[in-house]
Amino acid sequence: MFNLKWVLLDSIKDCKNLRIFRQIHAQLVTSGLVYDDFVTSKVMEFFANFVEYGDYACDYLEQGNTRLGSFPFNSLINGYVGGEFPQTAVSVYRRMVRDGFVPDMFTFPVLLKACSNFSGSREGRQVHGVVVKLGLLADLYVQNSLIRCYGACGDLSCAGKVFDEMVVRDVVSWNSLISGFMKAGHFDEAISVFFRMDVEPSIATLVSVLAACARNGNLCTGKGIHGVIERRFKVNLVLGNAMLDMYVKNGCFYEAKKMFDELPTRDIVSWTIMITGLVQSDHPKESLELFSMMRTLGISPDAIILTSVLSACASLGTLDFGTWVHEYINQRGIKWDIHTGTAIVDMYAKCGCIEMALQIFYSMPQRNTFTWNALLCGLAMHGLVHEALDLFEVMTISGVEPNEITFLAILTACCHSGLVDEGRKYFENMSKLYNLLPKLEHYGCMIDLFCRAGLLEEAVELARTMPMKPDMLIWGVLLNACTTVGNVELSHRIQDYILELDHDDSGVFVLLSNISAINQRWSNVTRLRRLMKDRGVKKAPGSSVIEVDGKAHEFVVGDISHLQTEEIYKVLNLINSVYHESH
DNA sequence: ATAGGGTTAG
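Computed from a predicted model, the values in this text were never measured in an experiment.

As for the UniProt feature "repeat: PPR" (unreviewed entry) in chain A
Alright, step 1. Here the UniProt-annotated "repeat: PPR" (unreviewed entry) positions come out as residues 69-103, 170-200, 267-301, 368-402 and 403-433.
Alright, step 2. A helix fraction of 74% and a strand fraction of 0% characterise residues 267-301, whose end C-alpha atoms lie 11 Å from each other.
Alright, step 3. Spanning residues 368-402, this segment combines 74% helix with 0% strand, and its end C-alpha atoms are found 9 Å apart.

What follows is the structure, given as structure tokens:
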């Protein structure tokens, strides 16, 4: 039978713009369906797609005023929650109250979700107050939403208070509290909440707790949970990925590879976990190989996986591949955000294309500390010292908080150009102005800076008085400086001190024997070699990477493992002979 | 109402 209500509902569903809606509106008025709660809430779902029609939507609701409940308003609020401007949901709520509608127990969960999405701590608190006044605090959904909202805003003491005062808690209450701790980076607390649970955990619980184990390196708990899952749960894609990530982030590549191969279904997230894991554990070459394999299978990369791939290109210096990724993003119109933008800036900067790095940097709508760091490190690395120092000033003026990595870039820049006074100033400002404790690397920079400026005594003094033990890099800087200025006495004192520390780091031995060789203390070189053998120290070979046709090749000194070794050496010898002829 | 992947240094 012909039913106008259902016909109109259909047209609302298909409605694309306000012009078409006006025609539907007319029919809604003549048929009296403007007073129908359900139809009106569908109208609101349409309006929620267009933030700019918010007032129109509210006007529409006011027409039906006396005959409508709060259901349509809830729909409108709900429509804005997941959008770009969740604050709009709060404005609609305000108008709802102003127009005399009474919010109900369905209003608050959506409203609180909106507050969570824009971290509206203040708004969340106000909503909490209204909930208490209206006597709705006893509702489980409202309570859980409050926990989520406080958690998302980082206000964990409030989240905990709501949680503690609940008489009946369900699994969502526990999960919401756990997510709150996760968002705040309190992984240990998240795990400890999990162990206090008195209801059966859900898949969502396990996913969160595995994420906590991934992030704080708690392999033991992670394995335990893996065991529980195998015995009692059906693994879905998300949970499988969570387990995979836990193993990868804990460095268990054997387990991870096995799990990856055995996953019944893999999606882009599974690939991202593997590729990111390889980049972050210092295997960028392998990560690019895996990426190529994924492409071979016809899977289209998204912005997130490309961010990791760019990071791999940056550490390998593979400009061709990196540029390809950048062009791929542009050509496919892949939407990229601050993470991806930062990775592009970093890639160009590390590959020496400072111009491109700057161009991308300035074209970005938003920049955070990471973005600035990528650029500043690039500038410092390429000796553009004054550019780096000037940009640092711009950074602080624009209100982006520097972190310890920012200062590492700045101090490196000072070090490269021997700016002792500036270096001292920045080093001091780190703790004074920005509350950042200098770490080993910062002390290393200062020591290097002093050495280069010929302030050897001050350098040694800093190495001796700094709050942590100098590493072999710092010793190397000091010893090199001793050699350069010919301070044999100081050099001997430092070497004796190093040997007392009982290192099993091959770098220390290589360093010491090099220094001895330079000073022609051959007996010492022999003594060190023996010491090295006694302590079972093995030297890891240094390797180089070269990009050919977008593929990264790694090699060591005298390497003959490549299939085309013969040709490679022929070309090398040719280059060498040409070089010698021209000199 | 609760659930997965990404950026800076070393």
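Next, the rest of the story.
Comments concerning the protein's contact with DNA strand B
Alright, step 1. Around DNA strand B sit 45 residues in total, of which Arg 148, Asn 175, Arg 215, Asn 241 and Asn 373 are the nearest.
Alright, step 2. Per the 4 Å cut-off to the protein, sugar and phosphate atoms form 48% of the nearby atoms of DNA strand B.
Alright, step 3. For DNA strand B, a base nitrogen lies 2.6 Å from a polar atom in the side chain of Tyr 141.
Alright, step 4. Lys 249 is positioned with one of its side-chain polar atoms (N or O) 3.1 Å from a phosphate oxygen of DNA strand B.
Alright, step 5. Residue composition of the surface near DNA strand B, grouped by class: 16 nonpolar, 18 polar and 11 charged.

Here we look at the packing of helix α22 (residues 354-363) against helix α23 (residues 369-381)
Alright, step 1. The contact between α22 and α23 brings their axes to 11 Å, and the two run at 160 degrees. Accordingly, the angle class assigned to the pair α22 and α23 is roughly antiparallel. Both α22 and α23 take part in a crossing whose hand is left-handed. Within the contact between the two elements, α22 uses Ile 354, Ala 357, Leu 358 and Phe 361 and α23 uses Thr 371, Trp 372, Leu 375, Gly 378 and Leu 379.
Alright, step 2. Each residue belonging to the contact of α22 with α23 can be placed in one class, and the counts come to seven nonpolar, two polar and no charged.

A few points about the pattern of salt bridges
Side chains that carry opposite charge are capable of pairing whenever their charged atoms lie near each other.
Alright, step 1. Taken as a whole and assessed by the stated rule, the structure comprises 14 salt bridges.
Alright, step 2. Close ionic contact of Lys 249 with Asp 245 constitutes a salt bridge, the shortest N to O distance being 2.8 Å. Of the two residues, Lys 249 and Asp 245 are both situated in helix α15 (residues 237-249); the distance of four residues between them amounts to about one turn of the helix.
Alright, step 3. Look at Lys 249 and you get partly exposed, because its relative accessible area is 38%.
Alright, step 4. Between Glu 428 and Lys 432 there is a salt bridge; the shortest N-O distance is 3.2 Å. Of this pair, Glu 428 and Lys 432 both sit in helix α26 (residues 420-434), separated by four residues, roughly a single helical turn.
Alright, step 5. Taking the relative accessible area as the measure of exposure, Glu 428 reaches 45% and is therefore partly exposed.

Comments concerning the packing of aromatic side chains
Alright, step 1. Counted according to the given criterion, the structure contains 15 aromatic pairs.
Alright, step 2. Ring geometry for Phe 321 and Trp 324: centres 5.8 Å apart, planes at 85 degrees, overall edge-to-face. A residue pair is termed a helical-turn pair when its members lie 3 or 4 positions apart in one helix, as Phe 321 and Trp 324 do in helix α20 (residues 319-332) at three residues.
Alright, step 3. Residue classification places Phe 321 among the buried positions, given a relative accessible area of 11%.
Alright, step 4. Here Trp 324 falls in the partly exposed class, since its relative accessible area comes to 31%.
Alright, step 5. An angle of 80 degrees between the planes, with centres 4.9 Å apart, marks the rings of Phe 361 and Trp 372 as edge-to-face.

Here we look at the state of the cysteines
Alright, step 1. Scanning the entire structure with this criterion turns up zero disulfides.
Alright, step 2. Of all cysteine sulfurs in the structure, the one in Cys 451 sits closest to Cys 482, which takes part in no disulfide; the separation is 7.5 Å.

Quick look at the environment of Phe 427
Alright, step 1. Checked against the element boundaries, Phe 427 lands in helix α26.
Alright, step 2. Accessibility expressed as a relative area gives 15% for Phe 427, which makes it buried.
Alright, step 3. Note: C-alpha distance between Phe 427 and Leu 408 (19 residues apart in sequence) is 9.5 Å.
Alright, step 4. Phe 427 has contacts with Leu 411, Pro 438, His 442, Tyr 443 and Met 446, leaving out every residue within four places of it along the chain.

Concerning the environment of Asp 59
Alright, step 1. Take Asp 59: it is sitting in helix α4 (residues 54-63).
Alright, step 2. A relative accessible area of 40% places Asp 59 in the partly exposed class.
Alright, step 3. Separated by 36 residues in sequence, Asp 59 and Arg 95 place their C-alpha atoms 9.9 Å apart.

A few points about the nonpolar core
Alright, step 1. The biggest cluster of nonpolar side chains holds 168 residues, and the ones touching the most others in it are Phe 47, Ile 447 and Leu 478.
Alright, step 2. It is helix α19 (residues 303-316) that provides the largest number of residues to this core, a total of nine residues.
Alright, step 3. Residues within four places of Ile 447 in sequence aside, it is in contact with Ala 459, Leu 462, Ala 463, Met 466, Ile 474, Val 477 and Leu 478.

Thoughts on the side chain of Ser 75
Alright, step 1. Within the secondary structure, Ser 75 sits in helix α5 (residues 71-81).
Alright, step 2. A residue is classified by how much of its surface remains accessible, and Ser 75, at 9% relative accessible area, is buried.
Alright, step 3. Not counting residues up to four positions away in its chain, the partners in contact with Ser 75 are Ser 41 and Met 44.

Focus on helix α17 (residues 268-280)
Alright, step 1. A rise of 1.5 Å per residue sets the reference length of α17, with its 13 residues, at 18 Å; its end C-alpha atoms lie 18 Å apart and thus fit the reference within 8%.
Alright, step 2. The element α17 is extensively covered by neighbouring structure, given that 10 of its 13 residues are classed as buried.
Alright, step 3. Every buried residue of α17 is accounted for by Ser 270, Trp 271, Thr 272, Ile 273, Met 274, Ile 275, Thr 276, Gly 277, Leu 278 and Val 279.
Alright, step 4. Taken together, the buried residues of α17 touch α15, α16 (253-262), α18 (284-296) and α19.
Alright, step 5. Just downstream of α17, Asp 282 is the residue with a positive phi angle, here 70 degrees.

Structural notes on the packing of α19 against α20
Alright, step 1. Taken N-terminus to C-terminus, the directions of α19 and α20 make an angle of 155 degrees; their axes are 9 Å apart at the nearest point. It follows from the interaxial angle that α19 and α20 lie roughly antiparallel. As for the relative orientation of α19 and α20, their crossing is left-handed in sense. Residue-level inspection shows Leu 306, Val 309, Leu 310 and Cys 313 of α19 in contact with α20, the latter providing Phe 321, Gly 322, Val 325, Tyr 328 and Ile 329.

Conventions used here
- Note that residues are indexed from 1 along each chain, following the sequence as it is written.
- To label them, take the chains in the order written and letter them from A, then take the ligands in the order written and number them from 1.
- Residue-level local features of this predicted model are given only where pLDDT is at least 70; pairs of side-chain atoms are given and counted only at 80 or more, and the full residue set underlies all totals for whole chains, interfaces and linings.
- Note that water and hydrogens are dropped before the side-chain values are worked out from all heavy atoms of the structure.
- UniProt positions are given in the numbering used here, feature names are shortened, and annotations may be inferred rather than shown by experiment.
- What counts as a helix is a DSSP run of H or I of at least four residues, what counts as a strand is a run of E of at least two, and both are numbered from the N terminus.
- For each residue, the test is whether any non-hydrogen atom lies within 4 Å of the molecule or strand; if one does, the residue is near.
- By the criterion applied in these results, polar contacts are pairs of N or O atoms within 3.5 Å in which, for protein atoms, one can donate a hydrogen and the other can accept it, and in which residues neighboring in sequence qualify only through two side-chain atoms.
- The residue classification treats Ala, Val, Leu, Ile, Met, Phe, Trp, Tyr, Cys and Pro as nonpolar and Asp, Glu, Lys and Arg as charged. All others, Gly included, are polar.
- Whenever a helix is involved, its axis is fitted only over the stretch in contact; in every case the axis is a line through C-alpha atoms, and angles between N-to-C directions fall within 0 to 180 degrees.
- Oblique is the label for any angle not under 35 degrees, not over 145, and not in the 65 to 115 range, which are roughly parallel, roughly antiparallel and roughly perpendicular in turn.
- Two helices cross in a left-handed way if the nearer one is turned anticlockwise from the farther one by less than a right angle. They cross in a right-handed way if the turn is clockwise.
- In this description, contact between two residues means that some pair of their heavy atoms is separated by no more than 4.5 Å.
- The salt bridge criterion pairs a side-chain nitrogen of Lys or Arg with a carboxyl oxygen of Asp or Glu, the two atoms within 4 Å.
- The cut-offs for exposure are 20% and 50% of the maximum accessible area for each residue type, with area from a 1.4 Å probe on protein chains only; residues under the lower value are buried, those over the upper are exposed, and the others partly exposed.
- Within 6.5 Å between ring centres, the rings of Phe, Tyr and Trp (the latter by its six-membered ring) count as paired, and their orientation is classed by plane angle as stacked under 30 degrees, edge-to-face over 60, tilted in between.
- Criterion for a disulfide: a pair of cysteine sulfur atoms at a distance within 2.5 Å.
- We call a set of buried residues a nonpolar core when its members are Ala, Val, Leu, Ile, Met, Phe, Trp, Tyr or Cys and they connect through side-chain atoms within 4.5 Å of each other.
- Each helix should span, by expectation, one fewer than its residue count multiplied by 1.5 Å.

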